[in-house]
Amino acid sequence: MKVNQERLIAQFIELVQIDSETRNEGKIQPYLKERFTALGLTVEEDHTMGETGYGANNLLCTLAGDADMTPIFFSSHMDTVVPGVNIQPIIKDGAIYSDGTTILGADDKAGIAIMIELIQLLKEENIKHGTLEFVITVGEESGLVGAKAFDVNSLQSPFGFVLDTGGPVGAITIGSPTQYHLDVMINGVTAHAGVAPEKGVSAVQIASNAIHQMKLGRIDDMTTANIGFISGGTATNIVMDRLEIVAEARSLSPESGAAQVKHMEETFIRVAKEMGGSAEVIIKKMYDGYLFDAETPVVKMAAEGMKQAGIASHLQKSGGGSDANIFNGKGKPTTNLSVGYQEIHTVKEYMPIAEFVKAVEMAFGIVSVIAAS
Ligand SMILES: [Zn+2]
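Criteria and thresholds
Residues numbered from 1 in each chain as written. Predicted model: local features only at pLDDT ≥ 70, side-chain atom pairs only at ≥ 80, totals over all residues. Heavy atoms only, no water. Core = buried A, V, L, I, M, F, W, Y, C linked by side-chain atoms within 4.5 Å. Buried < 20%, exposed > 50% of the residue type's maximum accessible area, 1.4 Å probe, protein only. Contact = heavy atoms within 4.5 Å. Helix = DSSP H or I, 4+ residues; strand = E, 2+ residues; numbered from the N terminus. Donors = N, O, S within 2.8 Å, 3.2 Å for Na, K, Ca; no water. Tetrahedral: all angles 85-135°; square planar, octahedral: opposite > 155°, others 65-115°. Domains from an automatic or database assignment. Buried area = accessible area lost by both parts, 1.4 Å probe. Salt bridge = Lys/Arg side-chain N within 4 Å of Asp/Glu carboxyl O. Polar contact = N/O pair within 3.5 Å; in protein donor to acceptor, adjacent residues only side chain to side chain.

A.B. asks: Any details on the nonpolar core? Residues and values, ideally.
C.D. replies: Residues Phe12, Leu32, Phe36, Phe74, Phe134 and Phe161 are the most contacted members of the largest nonpolar core, which totals 82 residues. Phenylalanine 12 has contacts with Ile96, Leu104, Ala106, Lys109, Ala110, Ala113, Met351 and Phe356, leaving out every residue within four places of it along the chain. Core analysis: the second largest hydrophobic core is formed by 24 residues, Ala210, Ala225, Ile245 and Ala249 among them.

As structure tokens, this is what we get:
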């Protein structure tokens, strides 16, 4: 099997030149529909636009295969971060860059180009394979919105692989934290700060005492917590009666994460009460985390697929979330694999061509291993 490097690059360049900033997926989605249909796949839209308010529906593209083999899915997202309009890709020094005024969009159009090249290779080399499903989501960059709306019951595959991690090909993500978002409102009592300060209860002093007593930063090897935003106050002569705080906690351990969130909530409420004020804390779980080990079937398949392709693999834990979190949370074990891109979410983003080719070989290796198992 030999990856057609020119074809891969040409496809990628075509993809990144179709603008698709998050919420504006309306131009690229029809292109993808047509492209996957032309490759002989069954393409379905999931009709979640009404629910998400985003620019397009998610796509599920199915390449029918041998019914005796386990079906698997690959996933990537069609949206990009900003600035992602009018991307001008440039090839230099063995990599693809933008012209420096926009992102490149390898995150995650590299994933889509890998899928398309994989399909073409399987077809032209007449490779036996199981059914392959390709889930291409919208709105990944703004809170995994498309994946959250996607119905995993529409998948035949018991597990899958997200093609959306940076760095050299070989990394298999075995863990990603559950993330919590905390909206905190501290209520004090207002008073004239010069005439009658003793009549007031300062919301910022409550917050300051509470935060002082709170465990923040790296809590343990699984858990982190951070105060991200504070806002309140009107004038220097008014005792501050309201203060808003936005915070987060993340953990690879559901127990430790829940305990940390409870600790933060309890501290705000207790300290506010002790000082004569009150606090309201709204906790939102943004997404579930996951934690696998080397023996988890989806991890084993990824590692064996890479071995087959001659790629050295290693396991890693991520501090962030991806669509894999959502698929896992909905009961489809999914790992996120590195595909080579670098410096994402910046105008310096680039895609090393050698890694790009390796990423296709990796996907091909996974398909071959599943077919042989
Ligand atoms: Zn991404």
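Continuing now.
A.B. asks: Describe the environment of methionine 185, listing the residues and the values that go with them.
C.D. replies: Mapping methionine 185 onto the fold places it in strand S9 (residues 178-187). As a C-alpha pair, methionine 185 and serine 278 span 93 residues in sequence and 8.4 Å in three-dimensional space. If sequence neighbours within four positions are ignored, methionine 185 has contacts with Arg242, Leu243, Glu244, Ser278, Ala279 and Glu280.

A.B. asks: Describe the coordination of the zinc ion, listing the residues and the values that go with them.
C.D. replies: Donor atoms from the polypeptide that bind the zinc ion are His77 (NE2), Asp107 (OD), Asp164 (OD) and Asp164 (OD), placed at 1.9 to 2.4 Å. Each of the 4 donor atoms around the zinc ion contributes to a set of angles spanning 53 to 138 degrees, which defines the coordination as irregular. Binding-site remark: the zinc ion is held by donors from one chain whose sequence spacing is H-x29-D-x56-D. Pair noted here: histidine 77 is in strand S3 (residues 72-77) and aspartate 164 is in strand S7 (residues 160-165), with a separation of 87 residues, a long-range link.

A.B. asks: Go over the domain arrangement of the protein chain, please, and point to the residues and values.
C.D. replies: Entries for the protein chain in the domain assignment read domain 1 (5-176 + 289-372) and domain 2 (178-287). Across the contact, 13 residues belong to domain 1 and 6 residues belong to domain 2. For the domain 1 and domain 2 pair, buried surface summed over both sides reaches about 670 Å², with 59% attributable to carbon and sulfur atoms. When the buried area of domain 1 at its contact with domain 2 is split by residue, Lys148, Gly289 and Leu291 rank highest and sum to 41% of it. Scanning the region where domain 1 abuts domain 2 turns up 0 salt bridges. At the boundary of domain 1 and domain 2, one finds 4 residue pairs in polar contact (both at pLDDT 80 or more).

A.B. asks: Please provide a residue-by-residue account of unusual backbone geometry, values included.
C.D. replies: The peptide bond linking valine 82 to proline 83 adopts the cis configuration, its omega dihedral lying at -10 degrees. Mapped onto the fold, proline 83 is located in the loop between S3 and strand S4 (90-92). Residue aspartate 108 is reached from aspartate 107 by a cis peptide bond, and omega for that bond is 10 degrees. Looking at the element boundaries, aspartate 108 is found in helix H4 (residues 106-124). Of note in the backbone geometry, asparagine 126 takes a positive phi value of approximately 55 degrees without being a glycine. Assignment of secondary structure puts asparagine 126 in the loop between H4 and strand S6 (132-137). Positive phi, close to 65 degrees, is recorded for histidine 345, a residue that is not glycine. Along the polypeptide, histidine 345 turns up in the loop between strand S16 (334-338) and strand S17 (350-352). Histidine 345 sits in the partly exposed class, given a relative accessible area of 41%.

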